[in-house]
Amino acid sequence: MNPHMQHASPAATERGFALIPIVILMTIVIAFTYIVIDSSLSARKVGKVFQEGLLAEQIAEAGVNQAINCLNATSGTNCGGTFGSSYAGQAAISFGSGSFTTTVTGSGSTRTVTSAGTAPDGSVKSIITDLTTVPPNGAMGFSYALQSGAGGAHMENNSSISGSIYSNGDIDCQSTNAVITGDAYSSKSGGSIDKCKVNYHAHADSITNSKVLGNAYYLTSIAGTTVTGTKYSGQTTPTAAAMPLTYLTDWQTAATNGGTIVGPYHPADNSSLGPIKIDGDLIMDNNVDITVTGTIWVKGNITTGNGNSFTLASGYGDLSGVILADDSANPSTKGKITINNNTTINGSGNAKSHILFVSTNTSTADASPALSVSNNANGAVFYATNGTLRLQSNAGAKSLAGYRLFLDQNAEVTYVSSDFGGNFSNSPGGTWHIAQGTWREK
């Protein structure tokens, strides 16, 4: 053995081995730190890319709005000099820190808009959507002269219905001087038709003290009733009919898009109204005439004076317009409609066009109805969704629907089915807007 060679002590050897795990641990910590930093930087980069892409999409949407505004414009200001139906889009229009380019193609009542939005970092998003001048509309299902819910229907002496009545409750009349020229249906289980003159067929579980010129279809009994046609006993109770559809959210949105007025609001004579939300009551002073140019939502009550008129804008064509009284926070006291004497209600001039008055008030009292009409409103349709609709003495209408219906003496409803071919619309025709369901990314 070489005397100059020295062996490491056991303690030194142990210290050397102890350094190995420390080095490994430090290596792992450094590697993990690098991964965390790199992931953080990558996430920030991805987030920035996403943010810029979202910004580009918003800029493209601004281009679509610009195209709609210019198609509806009456001058070329801010539209590159062209406007209306000749507008074909614009290139490189600055918007914020980015820009958009639009192209408009098509003819007639349809156009297609392609809008490319460019974000500050150069990110580009493109949107395509179709535009139309045909207004949004929907059928509500006014299929009868009168239609009532479970509250039933009552007719006083000499009131008349030119058409049919369908009630999910009882139908009772003061006497057989109250006339229904069409069919009468009571779909209530155990329901009845009582003291009415029905010029066509009567359908109910029981029919009493009435005059039926057609056939009588009943389940359990018929008494005190003359029937010109044939009596059919043991018949099935008529199926309950769905009440007309309502589009409360759509109507509220359409009205709100036109702005909000704080009520009580008194329109000026010969003014236009709509689309508009009135946050409070709508009060018509005497001798005030207005043109309805869009959906009106009154978050309160509607009261007319003497010598008023409502006329739907001619642009509605064969479509009908809506005036809604609705306050969901106060349905027992708000949402009432009172149409007083000498109020004229006209459609657009087309026989299929009407103004629909809708009340969501919940009063079912005949003496304090949700919707009261005291005038011969031949251009109107009335609907009390949750309360009583009362047609006062000598008043008239095209069609009525409500939870409960009450017709005073000499009240008349004249329903002509061919006059209800048009749908109810949020706005008159001729205004460019996005066709529902056509928005998409390119």
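Residues numbered from 1 in each chain as written. Predicted model: local features only at pLDDT ≥ 70, side-chain atom pairs only at ≥ 80, totals over all residues. Heavy atoms only, no water.

### Considerations on the pattern of salt bridges
Just so we agree on the cut-off: Think of a salt bridge as a Lys or Arg side-chain nitrogen and an Asp or Glu carboxyl oxygen that are within 4 Å of each other. Under the DSSP-based scheme used, a helix requires at least four consecutive residues in state H or I and a strand at least two consecutive residues in state E, with every element numbered from the N terminus.
With the rule as written, the count across this model stands at 7 salt bridges. For Lys 334, the salt bridge is made with Asp 281, and the minimal N-O distance between the two is 3.8 Å. Within this pair, whereas Lys 334 is found in the loop between strand E28 (321–325) and strand E29 (337–339), its partner Asp 281 is found in the loop between strand E22 (276–279) and strand E23 (282–283), the two being separated by 53 residues in sequence. Measuring nitrogen to oxygen at the nearest pair gives 2.9 Å for the salt bridge that ties Arg 404 to Asp 366. Here Arg 404 is found in strand E34 (residues 396–407), whereas its partner Asp 366 is found in the loop between strand E31 (355–359) and strand E32 (371–373), with 38 residues between them in sequence.

### Re helix H2 (residues 248–256)
One turn of the α-helix equals 3.6 residues, which is why residues spaced by three or four share an orientation. To be explicit about the condition: Each residue's exposure class comes from its accessible area (1.4 Å probe, protein chains only) as a fraction of the maximum for that residue type: buried when under 20%, exposed when over 50%, partly exposed otherwise. The arc under discussion is defined with respect to the helix axis, by the directions toward the C-beta atoms. By the convention used here, residues are in contact when the closest approach between their heavy atoms is within 4.5 Å.
Among all positions of H2, only Trp 251, Gln 252, Ala 254 and Ala 255 are buried. For H2, the angular spread of buried residues about the axis comes to 165°, placing them on one side. Those residues of H2 that are buried are in contact with E22, strand E25 (296–298), E28 and E31.

### Overview of the nonpolar core
One recurring pattern in soluble globular proteins is that nonpolar side chains are buried together. Cut-off, in case you're wondering: Residues grouped as a nonpolar core are buried Ala, Val, Leu, Ile, Met, Phe, Trp, Tyr and Cys residues, joined through side-chain atoms within 4.5 Å.
In terms of nonpolar packing, the biggest core is built from 74 residues, with Leu 356, Phe 382 and Leu 400 touching the most fellow members. The leading source of residues in this core is strand E33 (residues 376–391), at 7 residues. Setting aside chain neighbours within four positions, we find Leu 356 in contact with Met 140, Phe 142, Trp 251, Gly 321, Val 322, Ile 323, Val 381, Phe 382, Tyr 383 and Phe 424. Core analysis: the second largest hydrophobic core is formed by 13 residues, Ala 67, Cys 70, Tyr 87 and Val 104 among them.

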